Amino acid sequence: MKTYFTVLQSVYKKDNPIFLSQSLQSIAENTVQPYSVVLVKDGILNHELESVISEWQSKLPLKVVGYEKNQGLAYALNYGLQFVETELVARMDSDAICFSDRFEKQIAQFEVDSSIEILGGGNKILARRLASNNRLRVCEESSGMGTTNSI
């Protein structure tokens with residue numbers, strides 16, 4: 001049986017367009033594809049971010065929604081939930097890069113234990129200097145999956 005899920009992301013004007021594109025690329029290269037990707041524009045975006053979104057609309061099942069004034073991440077994600085049509089939601093930052101089998105492994109966990117309500121995954125440290133501004137991109141490292149069951 002095919003499990004349908006939606007990826008939920010938020011983007012705002014200060015996000016890096018290169019990172020957004022790499023994030024969307026990692027979704028496209030996953031072993032299991034989402035039913036949709038709800039991308040919330042948290043306020044008006046710059047031209048570079050809009051270009052990245054336009055480029056990916058033909059490559060992914062993007063559902064782009066949003067509003068004019070930046071409201072912050074929590075508001076954006078709650079806003080985006082109303083556009084999700086699936087039971088499962090995979091939450092992802094606009095600069096996150098998933099492992100190619102992330103969705104496959106997470107869906108398998110939900111199929112094994114139907115009482116799971118929240119499931120987290122591991123990540124690795126990514127550090128890379130950007131030629132354009134010599135800034136370093138870093139994220140924390142963890143391993144394994146964490147789950148939360150219903151009470």
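Residues numbered from 1 in each chain as written. Predicted model: local features only at pLDDT ≥ 70, side-chain atom pairs only at ≥ 80, totals over all residues. Heavy atoms only, no water.

Another aspect to go through is the overall build of the protein. In terms of helices and strands, the protein carries four helices and eight strands. Its helices and strands taken in sequence order, the protein reads β-α-β-α-β-α-β-α-β-β-β-β from the N to the C terminus. Within the protein, buried positions represent 34% of all 151 residues. For the protein, the share of sequence-separated contacts (at least 6 apart) that also reach a separation of at least 24 residues comes to 73%. (Helix = DSSP H or I, 4+ residues; strand = E, 2+ residues; numbered from the N terminus. Buried < 20%, exposed > 50% of the residue type's maximum accessible area, 1.4 Å probe, protein only. Contact = heavy atoms within 4.5 Å.)

On to the nonpolar core. Within the largest apolar cluster, 21 residues are counted, with the highest numbers of intra-cluster contacts made by Val7, Leu24, Ile27, Leu62 and Phe103. Among the elements that make up this core, the one with the highest residue count is helix H2 (residues 47-56) (four residues). Leaving out residues up to four positions away in the same chain, Leu24 has contacts with Gln9, Val52, Trp56, Leu60 and Leu62. By size, the runner-up hydrophobic cluster in this structure holds eight residues, among which are Val38, Val40, Ala76 and Val84. (Core = buried A, V, L, I, M, F, W, Y, C linked by side-chain atoms within 4.5 Å.)

Structural remark: α-helix, 3.6 residues per turn; residues separated by three or four positions point the same way. The end-to-end C-alpha separation of helix H1 (residues 17-28) is 16 Å, in line with the 16 Å expected for 12 residues at 1.5 Å each. When we look at burial in H1, the residues that qualify are Phe19, Leu20, Ser21, Ser23, Leu24, Ser26 and Ile27. Of the residues flanking the start of H1, the one acting as N-cap is Asn16, its side-chain oxygen 2.7 Å from the backbone nitrogen of Ile18. (Expected span 1.5 Å × (residues − 1). Polar contact = N/O pair within 3.5 Å; in protein donor to acceptor, adjacent residues only side chain to side chain.)

Applying the stated criterion to the full structure yields six aromatic pairs. For the pair Tyr67 and Tyr75, a centre-to-centre distance of 5.3 Å together with 85° between the ring planes defines the contact as edge-to-face. Overall, the relative accessible area of 17% leaves Tyr67 in the buried class. A ring pair is formed by Tyr67 and Tyr79, whose centres lie 5.0 Å apart and whose planes are at 85°; its orientation type is edge-to-face. Of this pair, Tyr67 sits in strand E3 (residues 62-67) while Tyr79 sits in helix H3 (residues 73-81), and the two are 12 residues apart along the sequence. Each member of the aromatic cluster is reached from another via a ring pair, and the members are Tyr67, Tyr75, Tyr79 and Phe83. Its guanidinium or amino end placed over the ring of Trp56, Lys59 lies 4.7 Å from that ring's centre, counting from NZ or CZ. (Phe/Tyr/Trp six-rings, centres within 6.5 Å; stacked < 30°, edge-to-face > 60°. Lys NZ or Arg CZ within 6 Å of the ring centre and 35° of its normal.)

Take Ser23: it is sitting in helix H1. Classification of Ser23 by relative accessible area gives buried; the value is 0%. Residue contacts for Ser23: discarding those within four places in its chain leaves Gln9, Met92, Asp93, Ser94, Asp95 and Ala96.

Further remarks concern the sheet that holds strand E1 (residues 5-11). Two strands in a sheet stick together by hydrogen bonds in their backbones, pointing the same way (parallel) or opposite ways (antiparallel). Spatially, E3-E2-E1-E4 is the arrangement adopted by the four strands of the open sheet, whose pairing is parallel. Of all strands in the sheet, those bounded by a partner on one side alone are E3 and strand E4 (88-91). Between one strand axis and the next, the sheet turns by 25° as a mean value, whatever way the strands run. Those strands touched by H1 are E1, strand E2 (36-42) and E3, and its axis lies near 175° from that of E1. (Pairing = 2+ DSSP bridges. Axes fitted to C-alpha atoms, helices over the stretch in contact; angles between N-to-C directions.)

On the accessibility criterion, Tyr79 (21% relative accessible area) is partly exposed. Sequence separation between Tyr79 and Gly66 is 13 residues, and the spatial gap between their C-alpha atoms is 8.1 Å.

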